[in-house]
Amino acid sequence: MRDDYFSTRSSVRQYSDREVPRELLIDIIEKAMRAPTCGNMQLYSIVVTTEGERKARLNELHFNQPAAATSPVILTICADFNRFTRWCEISGADPGYDNFHSFITATTDAVIMAQQIVTVAEMNGLGTCYLGTVNYNAAEISKLLELPDLVVPVASLSIGYPAKRDELCERLPVEAVVHFDTYRKDSDREITDLFKVKDDFEANRNFVKENGKRNLAELFTDIRYPRKLNEEVSESFSALIREKGFLGKEEKKD
Ligand SMILES: Cc1cc2nc3c(=O)[nH]c(=O)nc-3n(C[C@H](O)[C@H](O)[C@H](O)COP(=O)(O)O)c2cc1C
């Protein structure tokens, strides 16, 4: 285990061909399952995709981004109230988990689980990368993986042995994110100073220049995460959590 792990970790987007043995994967997931979970209900499921047509299709649904396409394994981590609801029903108990609160609870469990998998996998020499594209095509991914009611994909991870590691990227200074007692109201000047580390980071500067933008903020708002995309994804994702029964079922129209 690397003792400098926490200060040097980074995401991996290029993987080698080396296979990740199934036993290792299961061992990592089992260790990660010691993560905290709401009421010890374990409101998550993980769909493992490794090869064949389904992996190729899943890569496509992640826009064939290198972190997906070069990886031997993609884990789709789902918020899952299906298993728990069924257990309640089988036991003659009356479950009330088909609502937004329960979606948030299961999502929190699933995301904590995802990050625990990242930590355990990386501490064992594997590389990982979250695939935020899971939100963009969540409905198609749900179909591909045959997810039932009350199961929604909320995080995807590519996993494999690294072929290449990117340079460690920047972070805001710790003062930016810590507030003592009450939320500190930073001035415009203070915000500008806090973000200097990002504005000045060389790779970011190059990215801004390559895209003909005036600054890094504009690269985010115009190219990486623009309003239109955020609104479209919000709409399709809301429709999916409704379809999966977390917002009550739509009334059938005649
Ligand atoms: C929710 C989430 C979604 C992400 N989506 C992607 C993605 O789609 N593609 C990618 O290459 N990296 C993705 N990442 C990785 C981030 O870009 C990365 O964590 C961040 O730039 C910091 O880099 P580091 O992890 O190497 O420190 C995602 C990370 C998170 C937490």
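What counts, and where the lines are drawn
Residues numbered from 1 in each chain as written. Predicted model: local features only at pLDDT ≥ 70, side-chain atom pairs only at ≥ 80, totals over all residues. Helix = DSSP H or I, 4+ residues; strand = E, 2+ residues; numbered from the N terminus. Buried ≥ 20, exposed ≤ 12 C-beta atoms within 10 Å, placed from the backbone. Contact = placed C-beta atoms within 7 Å. Near = placed C-beta within 6 Å. Nonpolar A, V, L, I, M, F, W, Y, C, P; charged D, E, K, R; others polar. Core = buried A, V, L, I, M, F, W, Y, C linked by C-beta atoms within 7 Å.

Draft legend 1. Quick peek at the overall build of the chain. Along the chain, the regular secondary structure elements total 13 helices and six strands. Classification of the 254 residues of the chain by burial places 26% in the buried group. Sequence separation of 24 or more characterises 81% of the internal contacts of the chain that already satisfy a separation of 6 or more.

Draft legend 2. Structural context of the environment of Arg 34. Along the chain, the position of Arg 34 falls in the loop between helix H2 (22-32) and strand S2 (44-49). The exposure class assigned to Arg 34 is exposed, which follows from the 9 C-beta atoms found within 10 Å.

Draft legend 3. The arrangement of the site of the ligand in detail. Around the ligand, the structure places Ser 10, Ser 11, Arg 13, Gln 65, Ala 67, Cys 129, Tyr 130, Leu 131, Gly 132, Thr 133 and Cys 169. Of the residues assigned to the shell around the ligand, the class counts are five nonpolar, five polar and one charged.

Draft legend 4. Fine view of the nonpolar core. If you look at the biggest cluster of nonpolar residues, it comprises 42 residues, and the most contacted ones within it are Ile 77, Cys 78, Ala 79, Ala 110 and Ile 117. Top element by residues in this core is helix H6 (residues 100-123). It accounts for nine residues. Excluding its chain neighbours within four sequence positions, the residues that come into contact with Cys 78 are Tyr 44, Ser 45, Val 47, Ala 110, Leu 147, Val 151, Val 152, Pro 153 and Val 154.

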